[in-house]
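# Structural overview for review
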Amino acid sequence: MGRNIVIAGSGDMGYHLAEQLSYDDKDIILIDTDREVLDYVSSKLDVLTVQGDATSFEVLKRANVANASMVLAVTTSEKTNLVTAVLAKQLGAKRVMARVRNHSYLGEENVEYFENIGIDNLISPTMLCSREIYNMIENSSFTEVFDFGGGKLNIVGITLDKSNSLVDQRIMDTKSDPIFEDIRIIAILRDQKTIIPRGSTIIRNGDHVFFISNKKNTESVLELLGQKKVAVKNVMIIGGDDMALTTALRLEDKFRVTLVNKDKERCKWLAEHLKNTLVITGDYKNIELLIEEGLEQMDAFLALTESSETNIITSLSAKNHGVYKTIAHVDTREYIHISHSIGVDSLINKKLVAANEISRYLKKGSVEAVSGIYGVDAEFIQYSVCKNNRLTKHPLRDLHIPETAIVAGVIRGEEVFIPDGDFTLQMNDKAIVLALPQARNTLEKLFN
């Protein structure tokens with residue numbers, strides 16, 4: 001199988017994918033019509049570039065798609081992506097994926113049509129984003145929520161302040177608390193660096209801490225942090241494009257949703273397509289207007305306009321007016337890194353969400369799921385143990401797992417474990433591993 005991966009489109013999503021894949025020892029070839037963009041990317045990443053239109057046979061041949069293990073068509077044009085994917089498959093690419101906007105394409109009933117013309121997977125960043133937003137609102141006390149094994153194990157992230165009893169404690173000193181039998185701290189984000197904690201690590205004020213727990217003990221994490229679970233009922237969304245629509249559609253059956261958008265015609269159209277959402281025409285930058293429309297009674301505020309700055313500023317205003325949970329969509333990668341320090345509860349970026357989804361398909365070994373964390377270079381990878389080998393014969397502490405990785409949880413049938421060094425894996429276990437990029441190759445060898 002070819003080791004090269006061809007990416008058509010070097011915007012944010014293409015760039016992020018190329019960056020993620022460059023850690024994995026792959027040969028990456030990037031196609032784009034814009035020479036300047038390609039020059040910028042090749043100055044930052046170790047990739048080959050081909051300038052030209054990805055729907056042209058000549059350009060695809062120059063990019064050597066015939067030997068590609070994967071072709072990712074992620075330009076901003078849906079038509080370009082579909083045509084590129086179909087042609088790449090005809091030319092011999094092993095697997096092809098296309099980024100699409102039209103949600104009806106993703107319906108179960110249509111998957112077969114795309115498979116028949118050779119497209120292996122379709123990916124819609126807005127659909128993936130709306131799913132993630134729904135998850136964040138369901139678990140609104142936390143900044144991030146990842147679930148594994150259909151929710152058997154949860155990983156949640158939250159920022160600690162000095163009022164918290166964990167601050168200034170060493171991890172090993174927390175062990176005496178019985179609550180820590182079913183909960184573990186598996187990562188700390190401090191000054192934009194990811195720390196995989198050891199017993200001697202001290203928790204500091206302002207640390208953003210990730211806990212793993214089984215489903216029933218996610219409540220214990222809140223108890224430990226001295227917080228109450230808040231049930232979200234009323235949600236306000238600002239914006240009116242595809243992202244706002246998709247999110248409102250996903251939320252409106254479970255929550256009371258108000259959507260504010262400034263374009264009168266678009267509001268009419270939205271009102272026809274949303275059954276249970278109150279659609280209001282108005283300038284969402286005007287906080288007085290939002291207050292008139294009930295901002296102070298809202299439990300969650302989702303800023304999904306096309307401007308990252310507007311989204312961040314309105315979310316901060318909503319927070320000042322007592323809204324419990326704020327989520328801002330940002331398009332700029334730079335903002336993601338400062339998310340935990342600016343006061344918005346959660347930032348989301350649809351290109352990163354989509355890139356994480358795609359990288360799931362690209363992992364070697366027995367990988368079943370991958371979740372990236374915003375602003376963090378580490379990711380959660382779920383491996384399944386497929387054969388009896390070193391993994392099943394030795395406890396975790398003897399497996400020489402890199403310092404930059406930690407086995408955070410194990411799912412065994414209906415049971416879940418939060419393992420310590422004495423734990424030994426068994427056949428068919430699913431191991432959830434948190435890994436920094438430099439640990440990936442070693443882990444792939446270990447779990448392969």
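Now for a quick tour of the structure. Predicted, not measured: the structure shown is a model, and the values here were computed from it.

Conventions we followed
Residues numbered from 1 in each chain as written. Predicted model: local features only at pLDDT ≥ 70, side-chain atom pairs only at ≥ 80, totals over all residues. Heavy atoms only, no water. Helix = DSSP H or I, 4+ residues; strand = E, 2+ residues; numbered from the N terminus. Rg over C-alpha atoms; globule rule 2.2 N^0.38 Å. Buried < 20%, exposed > 50% of the residue type's maximum accessible area, 1.4 Å probe, protein only. Contact = heavy atoms within 4.5 Å. Areas by Shrake-Rupley, 256 points an atom, 1.4 Å probe, with all protein chains shown as cover. Lys, Arg positive; Asp, Glu negative; His and termini not counted. Charge placed at Lys NZ, Arg CZ, Asp CG, Glu CD. Core = buried A, V, L, I, M, F, W, Y, C linked by side-chain atoms within 4.5 Å. Pairing = 2+ DSSP bridges. Axes fitted to C-alpha atoms, helices over the stretch in contact; angles between N-to-C directions. Parallel < 35°, antiparallel > 145°, perpendicular 65-115°, else oblique. Left-handed = near helix turned anticlockwise from the far one by under 90°. Nonpolar A, V, L, I, M, F, W, Y, C, P; charged D, E, K, R; others polar. Salt bridge = Lys/Arg side-chain N within 4 Å of Asp/Glu carboxyl O. Right-handed = clockwise from strand over helix to strand, strands pointing away.

It is worth spelling out the overall build of the protein chain at this point. From N to C terminus, the protein chain includes 17 helices and 22 strands. Against the 2.2 N^0.38 benchmark of 22 Å for 448 residues, the protein chain shows a C-alpha radius of gyration of 23 Å, consistent with a compact globule. Along the first, second and third principal axes, the C-alpha set of the protein chain runs to 65 × 65 × 40 Å. Within the protein chain, the proportion of its 448 residues that are buried is 55%. A sequence separation of at least 24 residues applies to 63% of the contacts in the protein chain between residues at least 6 apart. When the accessible surface of the protein chain is totalled, it reaches about 19,900 Å², and 47% of it is carbon and sulfur. Computing the positive centroid from 52 side-chain charges and the negative centroid from 62, the protein chain places the two 4 Å apart.

Membership of the largest hydrophobic core comes to 45 residues, with the highest contact counts inside it found for I7, L72, I137, V235, I237 and L302. If we ignore the near neighbours within four places in the chain, the residues touching I137 are V232, V235, L251, F255, A300, L302 and I327. Counting residues in hydrophobic clusters, the runner-up holds 22 residues, among them I29, A54, A63 and I119.

Here we come to the sheet that holds strand β9 (residues 183-190). Pairing in this open sheet of five strands is antiparallel, and the strands run β7-β8-β11-β9-β10 from one edge to the other. Of all strands in the sheet, those bounded by a partner on one side alone are β7 (144-148) and β10 (193-195). When the angles between neighbouring strand axes are averaged without regard to direction, this sheet yields 20 degrees.

At a minimum axis separation of 9 Å, helix α6 (residues 125-138) and helix α9 (residues 242-251) run at an interaxial angle of 50 degrees. Comparing the axis directions of α6 and α9 gives the class oblique. Taken as a pair, α6 and α9 cross one another with a handedness that is right-handed. Contacts between α6 and α9 involve T126, M127, C129, S130, R131, I133, Y134 and I137 on the former and, on the latter, D242, M243, T246, T247, R250 and L251. Tallied by class, residues from the contact of α6 with α9 come to seven nonpolar, four polar and three charged.

Our focus in this paragraph is the environment of L436. On the secondary structure map, L436 appears in the loop between β22 (430-435) and α17 (440-447). In sequence terms L436 and D420 are 16 residues apart; their C-alpha atoms lie 19 Å from each other.

Okay, the packing of α9 against helix α10 (residues 264-273) next. Relative to each other, α9 and α10 sit at 25 degrees, their axes nearing to 11 Å. By the angle between their axes, α9 is roughly parallel relative to α10. In this structure, the crossing between α9 and α10 has a hand that is right-handed. Residues D242, L245 and L249 of α9 form the contact with α10, whose own contacting residues are R266, W269, L270 and H273. Tallied by class, the residues present in the contact of α9 with α10 amount to four nonpolar, one polar and two charged.

In this section: the pattern of salt bridges. Side-chain pairs of opposite charge can arise whenever the charged atoms involved come near each other. One pass over the structure, following the stated rule, counts 13 salt bridges. Note that R62 and E58 form a salt bridge whose closest N and O atoms lie 2.9 Å from each other. With R62 and E58 both in helix α3 (residues 57-62), this residue pair falls four residues apart, about one helical turn. Assessed through its relative accessible area of 46%, R62 is described here as partly exposed.

Let us look at the pairing of strand β16 (residues 325-329). For β16, the buried fraction is high: five of the five residues fall into the buried class. The alternating pattern of β16 places K325, I327 and H329 and T326 and A328 on opposite faces, both of which are buried. In the sheet, strand β15 (residues 300-303) pairs with β16 via four bridges, with the strands oriented parallel. Along β16, the bridge assignment pairs F301 with T326. The parallel pair β15 and β16 is bridged by helix α12 (residues 308-320), and the resulting crossover is right-handed.

Attention shifts here to the pairing of strand β5 (residues 96-99). With burial as the criterion, each face of β5 is covered, one bearing V96 and A98 and the other bearing M97 and R99. Sheet analysis places β5 next to strand β6 (residues 121-123), joined by three bridges and oriented parallel. Paired with A98 across the bridge in β6 is L122.

Its place among the elements puts T201 in the loop between β10 and β11 (208-214). Judged by relative accessible area, T201 falls into the buried class, the value being 14%. Not counting chain neighbours up to four residues away, the residues in contact with T201 comprise Q169, R170, I171, I188 and I195.

Spatially, β3-β2-β1-β4-β5-β6 is the arrangement adopted by the six strands of the open sheet, whose pairing is parallel. Two strands close off the open sheet at either side, each with one partner strand: β3 (48-51) and β6. For this sheet, the mean inter-axis angle between neighbouring strands, taken without regard to orientation, is 20 degrees. Running at roughly 180 degrees to β3, helix α2 (residues 35-44) makes contact with β2 (27-32) and β3 of the sheet.

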